Amino acid sequence: MAAKGFFTDTTVCIGCKACEVACKEWNQLPDDGMSFTGMSYDNTVSLGASTWRHVAFVERPAALRGDQDGGFSWLMMSDVCKHCQRAGCLESCPTGAIVRTEFDTVYVQPDVCNGCGYCIVGCPFGVIDRREGDGRAWKCTLCYDRLKGDLTPACAKACPTDSIQFGDLDELKDRARARLEQVHARGVSDAYLYGVDEESQPGTEGLNAFFLLVDRPEVYNLPPDPVVPTKKAGQAWLSLAAAALGLAVTAVGAAVAGRGSHHR
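Model, not experiment: these values are computed from the prediction.

Criteria and cut-off values
Residues numbered from 1 in each chain as written. Predicted model: local features only at pLDDT ≥ 70, side-chain atom pairs only at ≥ 80, totals over all residues. Heavy atoms only, no water. Helix = DSSP H or I, 4+ residues; strand = E, 2+ residues; numbered from the N terminus. Expected span 1.5 Å × (residues − 1). Contact = heavy atoms within 4.5 Å. 1 Å grid on protein atoms, 1.4 Å probe; cavity = no way out; pocket = protein on both sides within 12 Å on 5 of 7 lines; lining within 4 Å. Points joined across faces, edges and corners; volume = space filled by probe spheres on them. Nonpolar A, V, L, I, M, F, W, Y, C, P; charged D, E, K, R; others polar. Disulfide = S-S within 2.5 Å. Pairing = 2+ DSSP bridges. Axes fitted to C-alpha atoms, helices over the stretch in contact; angles between N-to-C directions. Buried < 20%, exposed > 50% of the residue type's maximum accessible area, 1.4 Å probe, protein only. Core = buried A, V, L, I, M, F, W, Y, C linked by side-chain atoms within 4.5 Å.

Draft legend 1. Representation of helix 6 (residues 169-185) within the structure. For helix 6, spanning 17 residues, the distance from its first C-alpha to its last is 24 Å, which sits close to the expected 24 Å at 1.5 Å a residue. On its buried side, helix 6 packs onto strand 1 (4-9), strand 8 (164-168), strand 9 (192-194) and strand 10 (209-213). One or two steps after helix 6, the chain reaches Gly-187, where phi turns positive at roughly 100 degrees.

Draft legend 2. Local environment of the layout of surface pockets. The space that makes up the largest pocket amounts to roughly 310 Å³. In terms of lining, the largest pocket is formed by 20 residues, of which the most central are Val-45, His-54, Ala-56, Tyr-220 and Asn-221. Of all the secondary structure elements, the ones that give two or more residues to the lining of the largest pocket are strand 2 (53-60) and strand 3 (73-80). For the lining of the largest pocket, the element with the most residues is strand 2, which contributes four residues. Split by residue class, the lining of the largest pocket holds 13 nonpolar, four polar and three charged. The volume enclosed by the second largest pocket comes to roughly 250 Å³. In terms of lining, the second largest pocket is formed by 13 residues, of which the most central are Thr-10, Thr-11, Leu-64, Trp-74 and Val-214. Where the lining of the second largest pocket is concerned, the elements lending two or more residues are strand 3 and helix 6. When its residues are assigned to classes, the lining of the second largest pocket shows nine nonpolar, two polar and two charged.

Draft legend 3. Examining the state of the cysteines more closely. Throughout the structure, instances matching the rule amount to zero disulfides. With no disulfide of its own, Cys-16 lies closest to Cys-159 among cysteine sulfurs, the gap being 6.3 Å. With no disulfide of its own, Cys-119 lies 6.1 Å from the sulfur of Cys-116, the closest cysteine sulfur.

Draft legend 4. Quick peek at the sheet that holds strand 10. Read from one edge to the other, the open sheet built from four strands follows the order 8-1-10-9, with strand pairing classed as mixed. Each edge of the open sheet is held by one strand with a lone partner, namely strand 8 and strand 9. On average, each strand axis in the sheet is inclined to that of its neighbour by 25 degrees, with strand direction left out of account. When strand 1 meets strand 10, the two strands line up parallel, connected through four bridges. Bridge pairing in strand 10 links Phe-7 to Phe-210.

Draft legend 5. Representation of the pairing of strand 3. Among the eight residues in strand 3, seven count as buried, and that is most of the element. Of the strand pairs in this sheet, strand 2 and strand 3 are connected by eight bridges, and their pairing is antiparallel. Looking at the pairing, Arg-53 lines up with Val-80 of strand 3.

Draft legend 6. Looking closely at the nonpolar core. By size, the foremost hydrophobic cluster in this structure holds 62 residues, and its most contacted members are Phe-6, Ile-98, Phe-210 and Leu-212. Setting aside chain neighbours within four positions, we find Ile-98 in contact with Cys-89, Leu-90, Cys-93, Val-106, Tyr-107, Val-108, Cys-119 and Ile-128.

Shown next as structure tokens:
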């Protein structure tokens, strides 16, 4: 079975939120409130247990490279769970509730989740969360039920500009690199691919849902160098062992010094 994923091209996102609506309708997710937050045209703010797709509206006091229309530009991005190749949520789950599917996606089994929350602190993107009143952890499933029926995920199906593209991961990567060359040729030299492979993002070993961006990751509320916590577990144990050894040497030294002063 070929690995599946998303390539999200932010340069053609128009902020229509069709992906958000389609995701909620298909997955029967609770609403996020019907009032604006005061943070641009946004009533959802971030991904969470009931928001599996989030369209960010980023207002910048700068023009896009190659754009001569003045010192202002909109950046729009439909964010989603990244379905990391090395998934912090999966590695942190003590019950086996989080699994990797036959499509190489990361899926939370709600009937197994006990709501411990370890997955939440294990995700370097802050994607997964517990639903209020439910207690269990929820996130994007990449429409696992639709994939089993050979259907396109609801968000990609609803996107009117093909900003969200779904398919075999290897094919998506080739398509993304070709698109990046096209964008560069049009004068947007700042464009780059975020999380397309392990080389560009070693801390997660690459993302199954990656992005074409035109500004720093922080501008889109993405970490510049995400690292799965368990990836540094070995280094942490070595540091602990070195600290313990240092304390032992200090204790032995103090004991020897104490004996020497006593004999004098």
